[in-house]
Amino acid sequence: MKKYSKLIIAVIIALIFIGTFVFLWQKSQPKEVVYNEFTPQLDSIQKTTIITGKIEPRNEVNIKPQISGIISELLKEPGDYVNAGDVIAKVKVIPDMAQLSSAEMRVRLAEINLKQAETDFQRVENLYNQKLVSADEYDKSKMSLNQAKHERLAAQDALEVVRDGVSKSNANASSTLIRSTISGVILDIPVKVGNSVILSNTFNDGTTIATVANMNDLIFRGNIDETEVGQLVNGMNMKITIGALQDLKFDAALEYISPKAVESNGANQFEIKAAVKLTEGGKIRSGYSANAEIVLAKADNVLTVPESAIEFSGDSTFVYVLAGSPNEKNYERRAVETGLSDGVNIEIKKGLTDKDKVRGPEMITDDNK
């Protein structure tokens, strides 16, 4: 039994050895390289680029007060639509004490002058009735009385403006009422009731009470690289896709290309603007992030092959074309003239016909893994 067992073990070892030798021999044999093959096709190629940016209203206005004071009432909220002239907020004036004191002094002085003018007029009027003074002196006295009355009214108006921010005579044009200067949607009201606000002057920009914009006139604003800006012209069509509204796409027309580049992340970029054409029911909010797809170049009905079949050598381009019998798989190297590429397919201007078979990259099989 032991003799047979040793024999069986020896046979098994021999079989393993022979099998390993055969496997390694087969793996060492050169395998035929198989390539993908393509037939040139007539197709259209377009080169596009994607520009990132955001949607903005063309006209966005900051509403600022004409006087300094404290917000006493807010009549509108962000998102409300307002017409030009609508009141957005009311401001309570905190008067300057020096100006208030001067205005009060002007009123007291005007009242003293008015009393004196009334007394003088009554005296001249009595003398005129007795025909002791001329009509000219009577008219001058009456004019002085009228001037004194107007001066008192002006002084009272000035006091009311300093003290309250509005007078009885100009209540409709009160600067305490903050009105919208354009018709549109209120995008933001950065103040609250009780906040102090200051008017705009040569020393500061003033406090913004509200931001109003016409949301029916929107633009796309973005930046394009200097390598592509030379292919843009005003009026080119763009497709706008908004990240928050994936199901909606909008057309836009390029209307502005900046003449000056700005540096961004080490690259020179040019600002562009495009007028967005809104579709019915497409509600867009200001500040949405968006992508604009624009066609830089296009070639229709041209001969194309996959770009992976092209060999680039310096400024020249070559392809390998099937020569002789299809079974022999012999390829000849041929120079071609290429044109527009979209990154996948490339235009062939010269060197190929739609009857040729072009060698592509090596075909990957399970044996090649």
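Residues numbered from 1 in each chain as written. Predicted model: local features only at pLDDT ≥ 70, side-chain atom pairs only at ≥ 80, totals over all residues. Heavy atoms only, no water.

Participant: So what about the sheet that holds strand 8 (residues 184-188)? Which residues, and what values?
Facilitator: Strand order in this open sheet of 4 strands is 3-10-8-5, and the pairing throughout is antiparallel. Looking at the sheet topology across the chains shown, the edges are occupied by strand 3 (60-63) and strand 5 (81-82). As judged from the 4 bridges shared by strand 3 and strand 10 (residues 210-213), these two strands associate in the antiparallel manner. Following the sheet pairing, E60 is matched in strand 10 by A213. (Pairing = 2+ DSSP bridges. Helix = DSSP H or I, 4+ residues; strand = E, 2+ residues; numbered from the N terminus.)

Participant: Describe the environment of V233, and please don't skip the residues or the numbers.
Facilitator: Mapped onto the secondary structure, V233 falls in the loop between helix 4 (226-229) and strand 12 (237-242). Through-space distance from the C-alpha of V233 to that of L254 is 7.5 Å; in sequence the pair is 21 residues apart. Excluding residues within four positions of it along the chain, V233 makes contact with L254 and I257. (Contact = heavy atoms within 4.5 Å.)

Participant: Break down the side chain of E347 for me, with residues and values.
Facilitator: Considering the arrangement of structural elements, one finds E347 in strand 19 (residues 345-350). Among buried charged residues, E347 stands out as having no salt bridge; its nearest opposite-charge side chain is K349, 5.2 Å away. Once residues within four sequence positions are removed from consideration, E347 is found in contact with I45, A299, V302, L303, T304, E337, T338, G339 and L340. (Buried < 20%, exposed > 50% of the residue type's maximum accessible area, 1.4 Å probe, protein only. Lys, Arg positive; Asp, Glu negative; His and termini not counted. Salt bridge = Lys/Arg side-chain N within 4 Å of Asp/Glu carboxyl O.)

Participant: Explain the nonpolar core to me, and be specific about the residues and the numbers.
Facilitator: Formed by 27 residues in total, the largest nonpolar core has its most connected members in I55, F220, L232, M238, I240 and I242. Elements represented by at least two residues in this core include exactly strand 2 (41-57), strand 11 (218-225), strand 12, strand 13 (245-264), strand 14 (267-277) and strand 15 (289-306). Dropping the residues within four chain positions of it, L232 is found in contact with I224, L254, I257, I272, I294 and L296. (Core = buried A, V, L, I, M, F, W, Y, C linked by side-chain atoms within 4.5 Å.)

Participant: Lay out the pairing of strand 14 in plain terms, naming residues and giving numbers.
Facilitator: Judged from the 7 bridges that link them, strand 11 and strand 14 form a sheet pairing that is antiparallel. For N223, the partnering residue across the bridge sits in strand 14 and is E271. Across 10 bridges, strand 13 lies against strand 14 in antiparallel orientation. Of the residues in strand 14, the one forming a bridge with E263 is N268. Linking two consecutive strands that pair antiparallel, namely strand 13 and strand 14, is a turn of 2 residues; a positive phi of about 55° is found at N265 within it.

Participant: Now, about the packing of aromatic side chains: what can you tell me, with residues and values included?
Facilitator: Geometrically, a pair of aromatic rings is defined through the distance of the ring centres and the angle of the planes. According to the stated counting rule, one finds 1 aromatic pair in the structure shown. Each ring, one from F121 and one from Y138, has its centre 5.6 Å from the other, and the planes form 40°; the classification is tilted. Taken together, the residues span a long stretch of sequence, with F121 in helix 2 (residues 97-129) and Y138 in helix 3 (residues 135-164) at a distance of 17 residues. What makes Y138 buried here is its relative accessible area of 15%. Against the face of F318 rests R333, its NZ or CZ located 3.7 Å from the ring centre. Against the face of Y331 rests R359, its NZ or CZ located 5.6 Å from the ring centre. (Phe/Tyr/Trp six-rings, centres within 6.5 Å; stacked < 30°, edge-to-face > 60°. Lys NZ or Arg CZ within 6 Å of the ring centre and 35° of its normal.)

Participant: Now, about the pattern of salt bridges: what can you tell me, with residues and values included?
Facilitator: Following the criterion strictly, the structure yields 13 salt bridges and no others. Here R221 ties to E271 by a salt bridge, and the two come within 2.8 Å at their closest N and O atoms. Of this pair, R221 sits in strand 11 while E271 sits in strand 14; the two residues are 50 residues apart in sequence, bridging distant segments of the chain. A residue is classified by how much of its surface remains accessible, and E271, at 23% relative accessible area, is partly exposed. Overlapping salt bridges, with partners in common, bring together K54, E56, R221 and E271 in one network.

Participant: I'd love a proper account of the sheet that holds strand 4 (residues 69-74), names of residues and values included.
Facilitator: On the basis of which strands lie adjacent, the open sheet formed by 4 strands has the order 7-6-4-9 and antiparallel pairing. Edge strands, defined here as strands with exactly one partner in the open sheet, are strand 7 (177-179) and strand 9 (196-197). Judged from the 3 bridges that link them, strand 6 (residues 87-93) and strand 7 form a sheet pairing that is antiparallel. Bridge pairing in strand 7 links A89 to I178.

Any functional reading would require information beyond the geometric quantities listed.
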